[in-house]
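# Coordinates in review
What follows is the residue order along each chain.
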Number of protein chains: 4
Amino acid sequence: MRIGILTAGGDCPGINATIRGVCKTAINHYGMEVIGIHSGFQGLLTKDVEQFTEKSLSGLLNLGGTMLGTSREKPFKKGGIMTDVDKPSLIMQNVKEMGLDCVVCVGGNGTQKTAAKFADLGLNIVSIPKTIDNDIWGTDISFGFDSAVSIATDAIDRLHSTASSHKRVMVIEVMGHKAGWIALYSGMAGGGDVILVPEIPYSMKKVGETILERLRKGKPYSIVVVAEGIQTDGHKRAAEYIAQEIEYETGIETRETVLGYIQRGGSPTPSDRNIATRMGGHATELIANGQFGRMIALKGDDIVSIPLGEVAGKLKLVNEEHDLVVQGRRMGICFG
Amino acid sequence: MRIGILTAGGDCPGINATIRGVCKTAINHYGMEVIGIHSGFQGLLTKDVEQFTEKSLSGLLNLGGTMLGTSREKPFKKGGIMTDVDKPSLIMQNVKEMGLDCVVCVGGNGTQKTAAKFADLGLNIVSIPKTIDNDIWGTDISFGFDSAVSIATDAIDRLHSTASSHKRVMVIEVMGHKAGWIALYSGMAGGGDVILVPEIPYSMKKVGETILERLRKGKPYSIVVVAEGIQTDGHKRAAEYIAQEIEYETGIETRETVLGYIQRGGSPTPSDRNIATRMGGHATELIANGQFGRMIALKGDDIVSIPLGEVAGKLKLVNEEHDLVVQGRRMGICFG
Amino acid sequence: MRIGILTAGGDCPGINATIRGVCKTAINHYGMEVIGIHSGFQGLLTKDVEQFTEKSLSGLLNLGGTMLGTSREKPFKKGGIMTDVDKPSLIMQNVKEMGLDCVVCVGGNGTQKTAAKFADLGLNIVSIPKTIDNDIWGTDISFGFDSAVSIATDAIDRLHSTASSHKRVMVIEVMGHKAGWIALYSGMAGGGDVILVPEIPYSMKKVGETILERLRKGKPYSIVVVAEGIQTDGHKRAAEYIAQEIEYETGIETRETVLGYIQRGGSPTPSDRNIATRMGGHATELIANGQFGRMIALKGDDIVSIPLGEVAGKLKLVNEEHDLVVQGRRMGICFG
Amino acid sequence: MRIGILTAGGDCPGINATIRGVCKTAINHYGMEVIGIHSGFQGLLTKDVEQFTEKSLSGLLNLGGTMLGTSREKPFKKGGIMTDVDKPSLIMQNVKEMGLDCVVCVGGNGTQKTAAKFADLGLNIVSIPKTIDNDIWGTDISFGFDSAVSIATDAIDRLHSTASSHKRVMVIEVMGHKAGWIALYSGMAGGGDVILVPEIPYSMKKVGETILERLRKGKPYSIVVVAEGIQTDGHKRAAEYIAQEIEYETGIETRETVLGYIQRGGSPTPSDRNIATRMGGHATELIANGQFGRMIALKGDDIVSIPLGEVAGKLKLVNEEHDLVVQGRRMGICFG
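In this text, all values refer to a predicted model and were calculated from it rather than measured experimentally.

The rules we used
- Residues numbered from 1 in each chain as written.
- Chains lettered and ligands numbered in written order.
- Predicted model: local features only at pLDDT ≥ 70, side-chain atom pairs only at ≥ 80, totals over all residues.
- Heavy atoms only, no water.
- Salt bridge = Lys/Arg side-chain N within 4 Å of Asp/Glu carboxyl O.
- Helix = DSSP H or I, 4+ residues; strand = E, 2+ residues; numbered from the N terminus.
- Buried < 20%, exposed > 50% of the residue type's maximum accessible area, 1.4 Å probe, protein only.
- Least-squares fit on C-alpha atoms with pLDDT ≥ 70 in both.
- Contact = heavy atoms within 4.5 Å.
- Lys, Arg positive; Asp, Glu negative; His and termini not counted.
- UniProt positions renumbered as here; feature names shortened; annotations may be inferred.
- Core = buried A, V, L, I, M, F, W, Y, C linked by side-chain atoms within 4.5 Å.
- Domains from an automatic or database assignment.
- Buried area = accessible area lost by both parts, 1.4 Å probe.
- Phe/Tyr/Trp six-rings, centres within 6.5 Å; stacked < 30°, edge-to-face > 60°.
- Lys NZ or Arg CZ within 6 Å of the ring centre and 35° of its normal.
- Pairing = 2+ DSSP bridges.
- Axes fitted to C-alpha atoms, helices over the stretch in contact; angles between N-to-C directions.
- Polar contact = N/O pair within 3.5 Å; in protein donor to acceptor, adjacent residues only side chain to side chain.
- Nonpolar A, V, L, I, M, F, W, Y, C, P; charged D, E, K, R; others polar.
- Patch = residues over 30% accessible without salt bridge, like charges linked within 9 Å, V, L, I, M, F, W, Y side chains within 5 Å.
- Areas by Shrake-Rupley, 256 points an atom, 1.4 Å probe, with all protein chains shown as cover.
- Charge placed at Lys NZ, Arg CZ, Asp CG, Glu CD.

Another aspect to go through is the pattern of salt bridges. Two side chains bearing opposite charge may form a pair once their charged atoms approach each other closely. For the coordinates displayed, the defined rule picks out 72 salt bridges over all chains. In this structure, D:Arg214 and D:Asp193 form a salt bridge, with 2.9 Å as the shortest nitrogen-oxygen distance. In this pair, D:Arg214 sits in helix α7 (residues 204-216) while D:Asp193 sits in the loop between α6 (181-189) and β7 (194-196), placing the two residues 21 residues apart along the sequence. Of the two residues, D:Arg214 and D:Asp193, both sit in the buried class. Of the charged contacts in the structure, one is a salt bridge between D:Glu213 and D:Arg216, with a shortest N-O distance of 3.0 Å. Placement of both D:Glu213 and D:Arg216 in helix α7 is noted, with a separation of three residues, approximately one turn of the helix. Overall, the relative accessible area of 32% leaves D:Glu213 in the partly exposed class. Connected through shared salt-bridge partners, A:Arg168, A:Glu253 and A:Arg255 make up one network.

Rendered as structure tokens:
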């Protein structure tokens, strides 16, 4: 068999580890040939590919980014390159010409949708979920998430010393447009006093009251962790908006930090490396078994797979019954 | 209500986080009083205790070690302090005198056994599992494990550069007397070529062959990760024994490193902090509900509890069907 | 003897280590009494102090922030607290009433100025330089700088993977209003392709040309490190301004990150801990020798001291002859 | 011009950074050709080389190890490969045949000696000092040292939590056969209570007394940092010997850790990267100026060079007047 692999969407720690997992399993165990496709779906349009050998995979396990490159090319949407051709047909044709028996797509929510459409067109496709946001429906955890939480928690740890030395409120904005998982996990792990996520409406009154209550208890500093996607006045970044509102509500000097792209980069945590490796191996097993049109997923500690059609278009979101929210509230943390 | 909390057994990242989880939940949510008991069960013998306030818990979340101290005192066994008294009776009496409605024990396998015996004597007791070895039966994960894996993986990452620069075999010994979880997880995350755990018998022939096969493929270096508890000649440490045998089998220069106590110390990973916090909170909830004689556990992503009688005396071990072993073998990693 | 110690100005890794260095040397070696003054010069106005014992210093060496707290109170300027009193006189009187034979001030450029003025008023004062910006005149290195460079370099390392995976330009803004030391050191250590500091005028044409030249050489991504204090259009933050200009000049997708307060917090590097410890010890030695009105400084690898009057009002700035600039240019790095 | 570069001796963080510094400066600034020589001096015997391009240098700055590989081949000594030829003559001839105008040697004390001998034979040679031990005479700092101290300090930080939780003495052995620099710097930065280096004779009585004095002051735990090269009974490793002696002297439970090879590997600290880069650039400048037979060195913050003949055969050692020793003693740290 001859399989192709591509990585699409935003950067995420663990992509290289999952590429390695797919390729080592395919080459070493199943005797497959593996073709690396460059720059996501764009490489399927331009046939920008390379043949993998075991040597190509050296040093890949703990390397951030993706050695295949990525792009935001969405072949079923307008925009991108080759705007005058029927991209899905061209890709179907190219896959045939390159002799690929299956394509492995590593990507986020958008990629799962694209993969589902190609599966409907009859392409043999298996996808691996990848996102620092952990918002892909159907898998308990996506690799990249633990690494992002780790970087964000490290940053929050650092802000504590400045907050307490200066008796200030420090607001930190972490990634998460629609899903607040990074804010929730890093906020709890970093000892945040207020944690705001897009899924839980908040009241600035309550936020201010939490901070003032801490002041009354002799703690004249607070850490506020916010996801970038929380509701604001529509003009300012989440961190800036919340910092201004807190100063207004409490009169306490407040500073903001936007963590930004450093959440996406660098070496994956051991936990992410192992999930990425296992997902890569199971994707290859699916292919060997002729099971296509499916996304790999983690359920409890088991690697399973689900039909791409079930995944596409859904999001996994935080809700107020999540144990970390419930437990946080018991400890006096304000979620809004 | 008035509850006591003690921490027993070896050091483990996350103990302070779980103390904080118990205390903040107890004080803030349930309005309980919390008494910190020093030096494990020894403090129940000597009544060496302190009253906790919210202030006591400041800065505790990311701090390694245990602010309560620990000891290896086993009140149902010979040895330790006060060898001439009936220790279990004295402890039962002291608990009564101090007015404790329940005792929370944070500890490893030995502590679960002791806790089960006290439960049988009628003590209201709730226990929280804690071990870097991840070998406590009944819980998917114990806090401390992710931190230990993280430290070990970081060390393996470092050895790679020396191994490849010098074309050497590097053997690293990680903790795990009976259970090879740290070796398995860090070995897979660190890109080990050979991973030896106590639960899977190994043949030095196969180990040597794996290393020589790599040499033939142009990789004149290898990383070997061994758990301290693997079978040796009975005289040498695991790392030393394996290093000598590898030199004998392959003729390649081989060096060993014993990671030792640094696996136990320092700040817990975010994942361990969150598990520790949640377990602490749920222990307190159990007490509030009058459910005693139980150990907190993680099942999938849920915090549950199981009767102490079920846990005591069992071990959770690696087996050859574990997905990381299966996946490792597919990629050509030698498990013996 | 009885000495006081205060910490003023912004947060900086190593302050606690230098407090520990002063106090352990004073108490253990010279038999002095040490009084900790809270919240910088504000504590000298309000007599908000504590007596130090060796126990107070436990766990302090690697702790970020300052256990004494800090404030921006400048007793010779308008603003701050007690606006209706003659603050310098009140402080002179309070120092006398508290029986302090000398005050140790740990602070940045502003603090050195204040200390010089108090020295002129006849106060026995010794100061220790502290700044992540490394811009205090008279000392080769201030503690805090190596830690800030370390955090910034770690962030730049992370951006590399995203930049190369996405074929993007990543702009990162680090601290440095007037002095570009953090940008220079972290930019060189992180492999920046363009490094902009306030001291060296830049041309956007040259910046754009550097990035386009890399594109032509097959490197369609670049890392741009900018100090916050570089010249912009006067409205936008440095990172935002430069990112927009680069997109305009090159047409390549460009993203910005502002590192912010996390550069100030957390545990100091070993190098900063040792400098902080040594400076603390030498400050105490100066006091024991009756040498007042001086700032501790590092010259080569020697700890020396210089008159406060020489330091005040000067800044240590990057210049184009600095070896890192010269060497960077040789390697093709654009400094503007 | 056409220059060769080789890396010899033990692994050390920063070698790749200095290779990059040499090559980028040579290719980009001076228009030289650069030949990478594999496996140290062995590659000069076997002509195992590669031509460098700017592309070869991608991702090298923060990578541990050496991309050129290394060996312990000493062409002026017995042993190694090609035992039946006159190795120095063969190397002189090979250098000529390969058309190398100069050879850059990156190495430790042994390499400096070898380089000096080749300089005497008339080879154009420039050397760059490299050692985690920091014991090369003539340079204030060698790159690799800061990284090793950083890893060792991180380990000591971790041991603190276990030591204090268990009320134990923890002994940690760090590298340093003849020179105790790593023990001194990491011991001071990690808050060691006893620091033993090969250069300062120690008395176990004093060591024990220091630990017992801490016990009396309510600190029933201590951290002891020892260099591997301190005097022992001649049979045991330093850590094991000292741990046994401490138990004997104090009766306190004592545990040992040998840090080992992880001190040598992994990504260099920013400080080491910058020193390595600068040294690489200056080596190339020397060559361009026709100055051969010299070793690059750091003096204060200046990069200089000294004749190889002055360096060879000397060692830079700790002495009791070193400021960190003096300051440590003032704070009550026992150096023996």
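After that view, the rundown keeps rolling.
In screw terms, the move from chain D to chain B is a rotation of 180° and a rise of 0.0 Å along the axis, fitting with an RMSD of 0.0 Å. Within this description, the copies of the chain are treated as partners about a two-fold rotation axis. Looking at chain D, 100% of its interface residues are interface residues in chain B too, so the copies touch through the same face.

Attention shifts here to the relation of the copies chain A and chain B. Between the two copies, chain A and chain B, the superposition gives an RMSD of 0.0 Å; the rotation angle is 180° and the shift along the axis is 0.0 Å. A share of 100% of the interface residues of chain A reappears at the interface of chain B, consistent with the copies meeting face to face through the same patch.

Turning our attention to the side chain of B:Lys219. Secondary-structure assignment places B:Lys219 in the loop between α7 (204-216) and β8 (222-227). With no salt bridge to any partner, buried B:Lys219 finds its closest opposite charge in A:Glu54, at an N-O distance of 4.4 Å. What B:Lys219 contacts, discounting residues up to four positions off in sequence, is A:Glu54, A:Ser58 and B:Arg214.

Before going further, it helps to examine the UniProt feature "binding site: ATP" (unreviewed entry) in chain A. Residue and element names in this part refer to chain A. Mapped onto the present numbering, the UniProt feature "binding site: ATP" (unreviewed entry) falls at Gly10, Arg72, Glu73, Gly108, Asn109, Gly110 and Thr111. Across 102 residues in sequence, these annotated residues keep their C-alpha atoms within 13.7 Å of one another, forming a single compact spot. Positionally, Glu73 belongs in the loop between β3 (49-51) and α3 (87-97). In this view, Glu73 contacts Phe41, Gln42, Leu45, Gly79, Gly80, Ile81 and Lys87; residues no more than four positions away in its chain are not counted. Position of Thr111 among the secondary structure elements: in helix α4 (residues 109-120). Given the relative accessible area of 6%, Thr111 is considered buried. Excluding anything up to four places from it in sequence, Thr111 contacts Ala8, Gly9, Phe41, Cys105 and Val106.

Let's shift gears to the nonpolar core. Ranked by size, the top nonpolar core spans 172 residues in total, and within it A:Ile242 and C:Ile242 carry the most contacts. Those residues within four positions of A:Ile242 in sequence are excluded, and the remaining contacts are A:Val171, A:Leu196, A:Tyr202, A:Met204, A:Val224, A:Val226 and A:Ile230. Counting residues in each nonpolar core, the second largest holds 171 residues, with B:Phe52, B:Cys334, D:Ala26 and D:Val34 among its members.

Bringing the domain arrangement of chain A into the picture now. Residue and element names in this part refer to chain A. We note that the domain assignment places domain 1 (2-144 + 268-311) and domain 2 (146-264) within chain A. Here the C-alpha centroids of domain 1 and domain 2 sit 35 Å apart. The partner domain 2 presents eleven residues to the 13 residues of domain 1 that form the contact. In total, about 990 Å² of surface goes out of reach between domain 1 and domain 2, with carbon and sulfur atoms giving 51% of it. On the domain 1 side of the contact with domain 2, Ile132, Asp133 and Thr269 bury the most area, a combined 47% of that side's loss.

Under the defined criterion, the tally for this structure stands at 16 aromatic pairs over all chains. Arranged with centres 5.1 Å apart and planes meeting at 80°, the rings of B:Phe145 and B:Tyr185 form a pair that is edge-to-face. Taken together, the positions of B:Phe145 in helix α5 (residues 145-166) and B:Tyr185 in helix α6 (residues 181-189) put the pair 40 residues apart, joining distant regions of the chain. Taken individually, B:Phe145 and B:Tyr185 each receive the classification buried, so the pair is uniform in this respect. Through successive ring pairs, a cluster of aromatic residues spans A:Phe41, A:Phe76 and A:Phe118. Against the face of B:Trp181 rests B:Lys316, its NZ or CZ located 5.8 Å from the ring centre.

Another aspect to go through is the sheet that holds strand β7 (residues 194-196) of chain B. Residue and element names in this part refer to chain B. Spatially, four strands are ordered β7-β8-β6-β9 in an open sheet, and the strand pairing comes out parallel. Lying at the two open borders of the sheet, with one neighbouring strand each, are β7 and β9 (254-258). Neighbour-to-neighbour, the strand axes of this sheet turn through a mean angle of 15°, independent of strand direction. Bridge count for β7 against β8 is three bridges, and the pairing is parallel. Counted as the bridge partner of Val194 is Val224 from β8. Here α7 sits on the sheet and contacts β6 (169-174), β7 and β8; the angle it forms with β7, its principal contact strand, is near 165°. The sheet contacts of helix α8 (residues 238-250) involve β6, β7, β8 and β9, and relative to β9 the element is tilted by about 170°.

Right, let's talk about the interface of chain D and chain B for a bit. Contacts between the two partners involve 32 residues from chain D and, on the opposite side, 32 residues from chain B. Here chain D is connected to chain B by zero salt bridges. Joining chain D to chain B, the criterion identifies 19 residue pairs in polar contact (both at pLDDT 80 or more). Those elements that provide at least two residues to the side of chain D that touches chain B are α5 (145-166) and β9 (254-258) of chain D. Of the residues forming the side of chain D that touches chain B, the biggest block, eight residues, is contributed by α5(D). Counted by class, the side of chain D that touches chain B contains eight nonpolar, 16 polar and eight charged residues.

A word on a positive patch on the surface. Residue and element names in this part refer to chain A. A grouping of Arg72, Lys74, Lys77, Lys113, Lys117 and Lys178 is seen on the molecular surface, where their side chains present a positively charged patch. Note on placement: Lys178 falls in the loop between β6 (169-174) and α6 (181-189). Relative accessible area serves as the criterion here: at 56%, Lys178 is assigned to the exposed category.

Attention now goes to the UniProt feature "binding site: Mg(2+)" (unreviewed entry) in chain A. Look at the UniProt record and you will see "binding site: Mg(2+)" (unreviewed entry) annotated at A:Asn109. Looking at the secondary structure, you find A:Asn109 in helix α4.

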